[in-house]
Amino acid sequence: MPYSIFTDADWLFPDSAHSGVGTVAVLAPRGGHAGAQILWDLPAEAALRFAWDDSRGPEVRFYQLLPVRVNENTSATLMTTTDYETCRAFVTRKAPFLVYDALRPVDGPLPEGRTALYFCVDVPTQAPPGKYTGKLLAGEDEIPVACEVSAAAVPPPGKGAVGMLNFFDYDNLAAQHGVEKGGETYWRLFRRYVRAQLDMRCTHILLPAGEAVLEDGKLAGFDFTLAQRAGQIAAEENAPWLCGGHIAHWHDWDDGEYYPNWDQKTGVTTPEGYLQIQKYFKQWREVIETNHWQGRMAQALADEPQTYNDKTYRILAGMCRKFLPDVPIIDAVETTNLGGGIDIWVPKQDTYEKWRDSYELLKEAGEEMWFYTCAFPAGPVMNRSMDLPLTASRAVMWMGALYRLSGFLHWGFNYYIGDDIWHSACCPHKGALLPAGDAHIVYPGPEGPWRSMRFEAQRAGAEEWELLAQALRAAPEETEELIRGVCSDFRTYVQEGRPLIDARARLIRLLEKEA
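Below or above, wherever it landed, is the structure these notes cover. Computed from a predicted model, the values in this text were never measured in an experiment.

**Describing the packing of helix α8 (residues 391-402) against helix α11 (residues 497-514)**
Between α8 and α11, the least distance of the axes is 11 Å, while the angle of their chain directions is 35°. Both α8 and α11 take part in a crossing whose hand is left-handed. Of α11, the residues touching α8 (which contributes Thr391, Arg394, Ala395 and Trp398) are Gly497, Leu500, Ile501, Ala503 and Arg504. Split into classes, the residues belonging to the contact of α8 with α11 amount to five nonpolar, two polar and two charged.

**Details of the pairing of strand β21 (residues 344-347)**
Both faces of β21 are covered, namely the face carrying Ile344 and Val346 and the face carrying Trp345 and Pro347. In this sheet, β21 lies alongside strand β20 (residues 330-333) in parallel orientation, the contact comprising four bridges. Counted as the bridge partner of Ile330 is Ile344 from β21.

**Focus: the environment of Pro109**
Relative to the assigned elements, Pro109 resides in the loop between β8 (97-105) and β9 (113-122). In the structure, Pro109 is positioned 118 residues away from Ala227 in sequence and 40 Å away in space, judged by C-alpha atoms. Not counting residues within four places of it along the chain, the set of residues in contact with Pro109 comprises Glu45, Ala46 and Ala47.

**Topic: the nonpolar core**
Counting 158 residues, the largest nonpolar core has Phe281 and Trp284 as the members making the most contacts within it. Top contributing element to this core by residue count: helix α9 (residues 453-474), with nine residues. Residues in contact with Trp284, not counting those within four places in the same chain, are Leu207, Phe224, Ala227, Gly244, Trp293, Met297, Gln299 and Leu324. With 28 residues, the next largest nonpolar core counts Ile38, Leu117, Ala138 and Ile143 among its residues.

**Side note on the sheet that holds strand β11 (residues 141-153)**
Consider a sheet: its strands pair through backbone hydrogen bonds, and that pairing is either parallel or antiparallel. Strand order in the open sheet made by the four strands is β2-β11-β10-β4, with mixed pairing throughout. Each edge of the open sheet carries a strand with a single partner, namely β2 (24-30) and β4 (48-52). The mean angle between the axes of side-by-side strands here comes to 25°, regardless of whether they run parallel or antiparallel. By the bridge criterion, nine bridges tie strand β10 (residues 130-138) to β11 in an arrangement that is antiparallel. Within β11, the position partnered with Gly130 by the bridge is Val149.

How each quantity is defined
Residues numbered from 1 in each chain as written. Predicted model: local features only at pLDDT ≥ 70, side-chain atom pairs only at ≥ 80, totals over all residues. Heavy atoms only, no water. Axes fitted to C-alpha atoms, helices over the stretch in contact; angles between N-to-C directions. Helix = DSSP H or I, 4+ residues; strand = E, 2+ residues; numbered from the N terminus. Left-handed = near helix turned anticlockwise from the far one by under 90°. Contact = heavy atoms within 4.5 Å. Nonpolar A, V, L, I, M, F, W, Y, C, P; charged D, E, K, R; others polar. Buried < 20%, exposed > 50% of the residue type's maximum accessible area, 1.4 Å probe, protein only. Pairing = 2+ DSSP bridges. Core = buried A, V, L, I, M, F, W, Y, C linked by side-chain atoms within 4.5 Å.

Structure below.
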């Protein structure tokens, strides 16, 4: 049977040619993982099996890669486009096209013919360094596997230098899986989504906001039933941090006021608005204290404060601090004028570069600085869009290390917008389409979330970011040169996987040498 091995940093397509590489050879740090993709021409009813030559080898998982249709290309300026000539310089293919992104766990025989697989080795933190060999078998045929476990170690999420938050859509979980929101099946699925977020190295799990309770048309209080149960499950799964959901937003980008999510007519800076916010945070504090979440709780207030409403945001933050004095505030931001109103700054990647001098002054003064990506800006800017090179989903984490940032945020973990994300990866948004995959990095499998190659790329990049943070402390000049061989700003990065994989290997060897 013909087969070929590919890196886990390059896209595979249904029409990809064989590579000529015949051995899976990976290098993995302790506490991390390493993967490879395989194209394999399988016989009928092929059942995959794997065995290490030494039974002490690390855990191995394999998945069938499923194609997803990219219906439009990322625009050079905003959202998506059908004009290929305007984007051909930075996208991988002309849309529409199919790309292998979704990962279905292999739980039985595979179909006959050309099959794409993802092979992954997960290494425990306490695993002994060494070299392991094994075989991946299908019928009478086998693929040799060689895995070297390095002495370099990735700390568990929450124990290292890097934080991560991916927003979660609680309504879409119910809609896409066809279950009742808040029911027993719903929470069983949610637990699996939490595990997926933690596997991707999320340190913060976003909880739903409290729901307003009205009596005779007036605000009587808030129902935190969903938020409490979500937080309990995340805590049971050992999430390092919980994050309270957003409670307010502006109406328009240039609006100077914020409005509570439950009352879009009352500004938070009005006397009535304050009383509503007070009622919310008093009840939320009781939930936090009842569940003993003190010391592991953060709070999001209002997504993307910007120059028109930064002063109003600081007023809202003051209200929060009155009732939750020891809870750090985290939000995506579009301004530098939030001093005292925020604890974890999260500027968008282009916003950070535009005002880098100001953000650097804040960092030097002791402020914590993350960054985020989303559909804006479009073009060649690093994001996890499915028509950009897969390296963009991974190298973006190296930029976090280069700029000495300490965390990453993305809004779209499971926002399954639209009727068919398998054939229309560009989800609808305000009369336009989001770049392919921007709204979600997992897929709704029958028993929970299915990962994607972009999920694995972000996970690998986060592990590498942790290793880079160690290397920057031990050998800053050599490490920075290594990073700049992969990326130098959010628009300039390697387009193919092999240079990134080679840089990763050099990073691991550097840490071994320094140790």
